[in-house]
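Analysis of the macromolecular model
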Amino acid sequence: MTKPTTDATAHLTRRGFLRTSATAAAVAAPYFVPSSVFGETAPSNRITVAFIGTGNQGFLDLTLFMAQPDCQVVAVCDVNKGSDNYKEPSDVRGREPAKALVESTYAKRSGSGKFKGCDTFNDFREVLARKDVDAVVIVSPDHWHDVMAIAAAKAGKDIYGEKPLGLTIAGQQAMIKAVRDKRCVFQTGSHERSNPYVKAACDLVQSGAIGKVRRVVCNIGRQNKLGPGPGWEPTPIPSGFDYDMWLGPAPEAPYHKDRCLYNFRFIDDYAGGQTANFGAHSIDIAQWGLGTSLTGPKEVEYVYADYLPEGSLFNAATFLNFRCKYENGTVLDCVTAEPSVRTAFYGDDGIVSIDNQGQNALVIPRKLTPEKLQKRVKYHSGGDHVRNFLDCVKSREEPVAPIEVGHRSASICHLGNISLKLQTKLKWNPEVERFEGGRSDEANKLLSREQRSPWKIS
Ligand SMILES: NC(=O)C1=CN([C@@H]2O[C@H](COP(=O)(O)OP(=O)(O)OC[C@H]3O[C@@H](n4cnc5c(N)ncnc54)[C@H](OP(=O)(O)O)[C@@H]3O)[C@@H](O)[C@H]2O)C=CC1
Ligand SMILES: O=C1CO[C@H](CO)[C@@H](O)[C@@H]1O
């Protein structure tokens with residue numbers, strides 16, 4: 001996508017302001033760095049970035065952003081000062097370890113081996129108030145995505161927002177409005193959109209190479225953790241952890257050590273289970289190949305769901321199967337599986353399947369000779385996706401995974417979860433984004449959620 005949709009002047013002015021402003025003393029720290037750290041990239045061309053959420057994916061995204069020479073991470077924000085026992089006892093995440101990672105990475109690059117200049121925050125609003133931050137990377141749990149992205153857009157920041165776009169369809173719509181009103185560049189963290197092999201596979205499907213696509217299968221990885229069962233007892237809130245700020249817009253709930261960190265994804269108040277966690281990837285690829293990135297299906301049907309025992313902390317579906325139908329009759333099946341294949345398109349003339357990490361696309365044309373049956377393509381890293389975002393911050397062009405695209409893929413995850421909750425088939429109007437007929441009143445209520453005061457999306 002190359003159509004400029006954003007106002008270059010507003011953003012260039014903001015960065016220009018940084019270079020000349022009388023407030024320079026307050027914001028100077030990021031610029032007083034050895035030239036060896038950022039090579040030839042002049043401070044004025046450097047994009048200053050702050051991270052909100054420095055856990056599991058936050059650390060990976062940090063390394064991808066720091067690898068880009070024209071980008072400087074100047075601040076990290078996390079409600080956890082240092083969350084130990086992250087995945088194993090030696091694994092510590094949170095804002096202090098993130099700051100240490102940033103400063104040690106930049107120090108290694110500087111001739112002197114020294115670097116200071118990454119600030120830490122507990123409250124993301126303080127990050128957004130900083131005038132020297134051009135862009136934010138939002139890698140918080142899903143229940144925070146809408147509130148944080150809307151606040152970031154209102155503060156004039158460009159945004160790299162992790163998938164799934166949000167927790168609800170209404171929240172995502174509000175995100176789009178804020179981003180478009182403020183003309184921000186927004187890249188959804190669906191990094192497969194920057195994977196040339198996945199692109200090649202989707203182009204092939206779109207070009208009609210496998211004929212009319214009858215069915216797409218999206219495999220959703222099984223739940224990899226179980227959490228405490230019925231009768232679980234709260235555990236003490238660790239020191240250095242702002243649990244109230246972790247809960248944010250989600251309902252009040254007693255702390256348990258397995259609620260936060262990585263595990264939020266299995267709890268309905270904070271995320272859409274594996275449907276949204278993995279579905280955001282596999283369904284996004286399906287939408288891409290089908291050429292429906294800016295729309296959606298017209299029907300979603302519950303097939304099967306299973307859950308942990310009532311009263312368990314984790315309450316998202318552990319096994320699931322739902323089926324969507326598009327206007328042209330194409331069926332999209334989302335199903336829990338051990339996914340060596342992430343998304344597979346079944347057409348009249350062949351199959352295109354894309355593996356779990358987007359490392360391989362396998363094309364099986366029905367009518368070709370055996371030696372031409374397979375075309376394997378190789379791995380690429382998420383760095384190109386970050387690069388595309390940074391380029392668009394400069395050019396004000398549309399990135400490869402704009403917010404509306406992220407919205408429509410995540411919406412299918414939410415539609416699927418709503419059908420699972422109601423155990424029914426629902427008619428969906430992708431134009432007006434509402435359920436119609438049947439149990440639509442009940443279903444439409446699930447398009448949004450109450451947000452705990454003082455947090456709200458409008
Ligand atoms: N593109 C991809 O392939 C991937 C994307 N993701 C996405 O990234 C997001 C984060 O997932 P993941 O990193 O696994 O989750 P984690 O729980 O590991 O990380 C989230 C971090 O955000 C912190 N946090 C929570 N609330 C706030 C707040 N109000 N302000 C600042 N920080 C906050 C958490 O604190 P605490 O440590 O105390 O919980 C945690 O450190 C999710 O939306 C997920 O879907 C995740 C994995 C891969
Ligand atoms: O938990 C996870 C495991 O890896 C996936 C990427 O392949 C993530 O998206 C996801 O959040």
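The protein chain is annotated in an unreviewed UniProt entry as 1,5-anhydro-D-fructose reductase of Botrimarina colliarenosi.

1. What about the side chain of Asp146?
Mapped onto the secondary structure, Asp146 falls in helix H7 (residues 142-154). This buried residue, Asp146, is left without a salt bridge; Arg449 holds the nearest opposite charge, at 8.7 Å. Setting aside residues no more than four positions away along its own chain, Asp146 makes contact with Thr168, Gly171, Met175, Gln451 and Ile457.

2. Looking at the site of ligand 2
Close to ligand 2 lie 8 residues; Lys163, Tyr262, Arg265, Asn277 and His281 are nearest. The separation between an oxygen atom of ligand 2 and a polar side-chain atom of Lys163 is 3.0 Å. Measuring from an oxygen atom of ligand 2, one finds a side-chain N or O atom of Arg342 at 3.3 Å. Alone, ligand 2 offers 290 Å² of accessible surface; in the complex the protein occludes 75% of this. Its residues assigned to classes, the shell around ligand 2 shows 2 nonpolar, 3 polar and 3 charged.

3. Comments concerning the pairing of strand E8 (residues 299-306)
Direction of pairing for E8 relative to strand E9 (residues 319-325): antiparallel, over a ladder of 7 bridges. Residue pairing in the sheet places Tyr304 in a bridge with Asn321 of E9. Pairing of E8 with strand E14 (residues 425-429) involves 3 bridges; the strand directions are antiparallel. For Val300, the partnering residue across the bridge sits in E14 and is Leu426.

Criteria and cut-off values
Residues numbered from 1 in each chain as written. Chains lettered and ligands numbered in written order. Predicted model: local features only at pLDDT ≥ 70, side-chain atom pairs only at ≥ 80, totals over all residues. Heavy atoms only, no water. Helix = DSSP H or I, 4+ residues; strand = E, 2+ residues; numbered from the N terminus. Buried < 20%, exposed > 50% of the residue type's maximum accessible area, 1.4 Å probe, protein only. Lys, Arg positive; Asp, Glu negative; His and termini not counted. Salt bridge = Lys/Arg side-chain N within 4 Å of Asp/Glu carboxyl O. Contact = heavy atoms within 4.5 Å. Near = heavy atom within 4 Å. Polar contact = N/O pair within 3.5 Å; in protein donor to acceptor, adjacent residues only side chain to side chain. Areas by Shrake-Rupley, 256 points an atom, 1.4 Å probe, with all protein chains shown as cover. Nonpolar A, V, L, I, M, F, W, Y, C, P; charged D, E, K, R; others polar. Pairing = 2+ DSSP bridges.

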